[in-house]
Amino acid sequence: MRIAASLLSCDLLNIESEIKLLKKAGIAAVHIDIMDGHFVPNIAFGIDIIKQIAKISELPISVHLMIDNPEQFIDIVSYYNVDYLIIHTENSRNVENLMNRIKNKGIGCGIAINPQTQINSIRRYLEKCDLALVMGVHPGFGGQTLISSTLKKIQQIKSIKHDIIVGIDGGINDKTISLVNKEKPDILIVGSYLFDSEKENKLESMKEKIKVLCQKE
Ligand code: DX5
Ligand code: ZN
């Protein structure tokens, strides 16, 4: 099981040093949430920052597009050699076409599944995608409470496609981790818990939290 850090809750004025800290602390990847204020009621990051982060980040990058028209940005985002480009199906027209375009760029194709979206409605996409991202919270903000009913989707997805990578995104912290790990996700996307550092020594705080998150169920 790997941990990716969602940068939404990091110190936005010092992203480069935050990413360096994450790498030292043992984080496997960074997760960039792009939000347009339409598909979700928040605005976060823009395309240019992906370019800047890709230049300095020695960690693999997943980009989570929470935007109304992902088709407009697939080409440019894939230019910055991200590892996974994750789209939503709730608003995307012609999801197969989007997925083909992502895969033709040679990058991992992910679909994110909102809490209210049932697995049956995305079953047909799973065959073609490399990563399924179960949203543990309603997309749009960090620091929300985990919706535990979403966790059962992890094994539901694996029963449909056993070799797919399944992640859980949002609401993961020391209080929810044992419930989450019971479902054996491959990737945890964690934001606010990692960055809410009570300690002076941020690196020590992050290392301790990663230990808590890696606990077996
Ligand atoms: C929410 C984002 C998540 C979020 C996770 O829309 O997709 O990646 O930043 O943040 P926490 O871990 O604080 O719930
Ligand atoms: Zn996300």
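It should be noted that the structure appears before, not after, this text.
Residues numbered from 1 in each chain as written. Chains lettered and ligands numbered in written order. Predicted model: local features only at pLDDT ≥ 70, side-chain atom pairs only at ≥ 80, totals over all residues. Heavy atoms only, no water.

Visitor: Can you walk me through the site of ligand 1 in this structure?
Guide: Taken together, 20 residues surround ligand 1, and among them Gly140, Gly143, Asp169, Gly191 and Ser192 come closest. One nitrogen or oxygen atom from the side chain of serine 6 is found 2.8 Å from an oxygen atom belonging to ligand 1. Aspartate 33 places a polar side-chain atom, nitrogen or oxygen, 2.9 Å from an oxygen atom of ligand 1. Looking at the shell around ligand 1, the elements with two or more residues in it are β2 (29-36), β4 (61-66) and β9 (187-190). (Near = heavy atom within 4 Å. Polar contact = N/O pair within 3.5 Å; in protein donor to acceptor, adjacent residues only side chain to side chain. Helix = DSSP H or I, 4+ residues; strand = E, 2+ residues; numbered from the N terminus.)

Visitor: What is the right way to look at the nonpolar core in this model?
Guide: Generally speaking, nonpolar side chains in soluble globular proteins are found buried as a group. Leu7 and Leu22 are the most contacted members of the largest nonpolar core, which totals 68 residues. The greatest single-element share of this core, amounting to 5 residues, is contributed by helix α1 (residues 15-25). Apart from residues no more than four positions distant in its own chain, leucine 7 is found in contact with Leu12, Ile15, Ile19, Leu22, Val30, His31, Ile32, Phe45, Ile53 and Phe195. In terms of nonpolar packing, the next biggest core, distinct from the first, is built from 12 residues, Tyr84, Leu133, Met135 and Ile187 among them. (Core = buried A, V, L, I, M, F, W, Y, C linked by side-chain atoms within 4.5 Å. Buried < 20%, exposed > 50% of the residue type's maximum accessible area, 1.4 Å probe, protein only. Contact = heavy atoms within 4.5 Å.)

Visitor: Honestly, the packing of aromatic side chains in this entry has me stumped. Any pointers?
Guide: A ring pair, where both rings are aromatic, is described by two values, the distance of the centres and the angle of the planes. Scanning all chains against the criterion turns up 1 aromatic pair. With 5.7 Å between their ring centres and 75° between their planes, tyrosine 79 and tyrosine 80 make a pair best called edge-to-face. A relative accessible area of 68% means that tyrosine 79 is categorised as exposed. It is lysine 209 that lies over the ring of tyrosine 193; its NZ or CZ is 4.9 Å from the centre. (Phe/Tyr/Trp six-rings, centres within 6.5 Å; stacked < 30°, edge-to-face > 60°. Lys NZ or Arg CZ within 6 Å of the ring centre and 35° of its normal.)

Visitor: What am I meant to see in the coordination of the zinc ion (ligand 2) here?
Guide: Metal coordination angles have textbook ideals: 109.5 degrees for a tetrahedral set of four donors and 90 or 180 degrees for an octahedral set of six. Taken together, His31 (NE2), Asp33 (OD), His64 (ND1) and Asp169 (OD) make up the protein donors of the zinc ion (ligand 2), found 2.1 to 2.3 Å from the metal. Geometry at the zinc ion (ligand 2) is octahedral, judged from its 6 donor atoms and the angles of 71 to 175° they form at the metal. Read in sequence order, the donor residues coordinating the zinc ion (ligand 2) give the pattern H-x1-D-x30-H-x104-D. Residue histidine 31 is found in strand β2, and its partner aspartate 169 is found in strand β8 (residues 165-169); the two are separated by 138 residues along the sequence. Note on histidine 31: relative accessible area 0%, which makes it buried. (Donors = N, O, S within 2.8 Å, 3.2 Å for Na, K, Ca; no water. Tetrahedral: all angles 85-135°; square planar, octahedral: opposite > 155°, others 65-115°.)

Visitor: Is there a simple way to think about the state of the cysteines in this case?
Guide: One way to say it: the disulfide is the covalent bond shared by the sulfur atoms of two cysteines. Within the structure shown, the criterion is met by 0 disulfides. Sulfur of cysteine 109: no disulfide; nearest cysteine sulfur belongs to cysteine 129 and is 5.9 Å away. A relative accessible area of 0% places cysteine 109 in the buried class. Residue classification places cysteine 129 among the buried positions, given a relative accessible area of 0%. (Disulfide = S-S within 2.5 Å.)

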